[in-house]
Amino acid sequence: MQTGAVLVILAIIIVLIFFGVVVILVLLYYSNKKKKIIEEKLLLETQFKQQLLQSQLETQEHSFHQISQELHDNVGQLLSSAKLLLTIGSKELPTVPDAITTAEQTIAKAIQDLRSLSKSLNSEWLHQFNLIDNLQAEKQRINAARNILVSFQTEYQKLPLGAEAQVMLFRVVQEALQNSIRHASPQHINIEIKNTDNRFELTIQDDGAGFDVESARKESLGLRNMEHRVQLLGGNIQWQSVPNKGTSIYISLPVEYNLSN
């Protein structure tokens, strides 16, 4: 009788253990399933966000292209016509005043700068060149004004990025340069690109007025666009700024990243 009772108790224990194991397995199954659903949801949200950002940036590129065409076709033509009229008028004068000569030279310089700016906004033109060439051209364009000295150092002749990715990165540098020129009044801006542990680091530093980074990130569409572009490239961007001492921007990207060929 005692043996039978022991067997019953053992049977009950075994059944309870069995059901306990089943319950644990079911809970683990649903926990893993829930985790997988959450991960898939986050992945979909990330993909949607990336597609949305990509669409916004493509719209901006289209706007840049239209501005480039307008500068080249309209403003450029008007300046060329004005220069031609000055040239014709000066030939009819026995002595050309210094003011007219200076005006001709100024318009010629404006036409040259306008062409450089138009090209820098034209994505079709950018696709024909690598980022290094474009940064060199941008440096020369800014230095030509002789107000700010831009220097550029790089360990690359061509970055290991697709054409579209290079355009996006160039837009980030353009935005950084324009922000510095418009708001910081620097004397020097330095751009440097170097390779570090299968990543390349792009640094933009100026000696201007500096700004409140956290406040600007909340209010500035330009800074948000810079951040979005770098995120789409699989990298990260950081700002460090000290009042009256300047601003540094650090961009880190994986060298194997290739947005498009």
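**A short note on the pattern of salt bridges**
For the coordinates displayed, the defined rule picks out two salt bridges. Between Glu-138 and Arg-141 there is a salt bridge; the shortest N-O distance is 2.9 Å. Here the residue Glu-138 and the residue Arg-141 both occupy positions in helix H4 (residues 131–143), the gap between them amounting to three residues, near one helical turn. A residue is classified by how much of its surface remains accessible, and Glu-138, at 3% relative accessible area, is buried. For the salt bridge of Glu-227 with Arg-217, the shortest nitrogen-to-oxygen distance reads 2.6 Å. Of this pair, Glu-227 sits in helix H7 (residues 221–232) while Arg-217 is found in helix H6 (residues 213–219), placing the two residues 10 residues apart along the sequence.

**So, the sheet that holds strand S5 (residues 246–254)**
Strand order in the open sheet formed by five strands is S1-S2-S3-S5-S4, and the pairing between neighbours is mixed. Both edges of this open sheet fall to strand S1 (149–154) and strand S4 (236–242), since each of them pairs with a single strand only. Recorded for the sheet is a direction-independent mean angle of 10 degrees between the axes of neighbouring strands. Direction of pairing for strand S2 (residues 188–196) relative to strand S3 (residues 199–206): antiparallel, over a ladder of eight bridges. Across the sheet, Lys-194 pairs through a bridge with Glu-201, a residue of S3. Each of S1 and S2 is contacted by H4, which is oriented at about 165 degrees to S1, the strand it contacts most.

**Side note on unusual backbone geometry**
Positive phi is not limited to glycine here, since Ser-185 has a value of about 50 degrees. The topology assignment puts Ser-185 in the loop between helix H5 (163–184) and S2. Residue Ser-185 is classed as exposed on the basis of its relative accessible area of 61%. A positive phi angle is found at Asn-244, which is not glycine, with a value near 65 degrees.

**Brief notes about the nonpolar core**
When a protein is soluble and globular, its nonpolar side chains tend to lie buried together. The biggest cluster of nonpolar side chains holds 37 residues, and the ones touching the most others in it are Leu-159, Leu-169, Ile-193, Phe-200 and Ile-251. Counting residues per element, this core draws most heavily on H5, which supplies eight residues. Beyond its immediate stretch of four places on either side in the chain, Leu-169 contacts Leu-131, Leu-159, Leu-161, Phe-200, Leu-202, Leu-233, Ile-251 and Leu-253.

Cut-offs used in this document
- Residues numbered from 1 in each chain as written.
- Predicted model: local features only at pLDDT ≥ 70, side-chain atom pairs only at ≥ 80, totals over all residues.
- Heavy atoms only, no water.
- Salt bridge = Lys/Arg side-chain N within 4 Å of Asp/Glu carboxyl O.
- Helix = DSSP H or I, 4+ residues; strand = E, 2+ residues; numbered from the N terminus.
- Buried < 20%, exposed > 50% of the residue type's maximum accessible area, 1.4 Å probe, protein only.
- Pairing = 2+ DSSP bridges.
- Axes fitted to C-alpha atoms, helices over the stretch in contact; angles between N-to-C directions.
- Contact = heavy atoms within 4.5 Å.
- Core = buried A, V, L, I, M, F, W, Y, C linked by side-chain atoms within 4.5 Å.

Distances and angles like these do not, on their own, reveal function.
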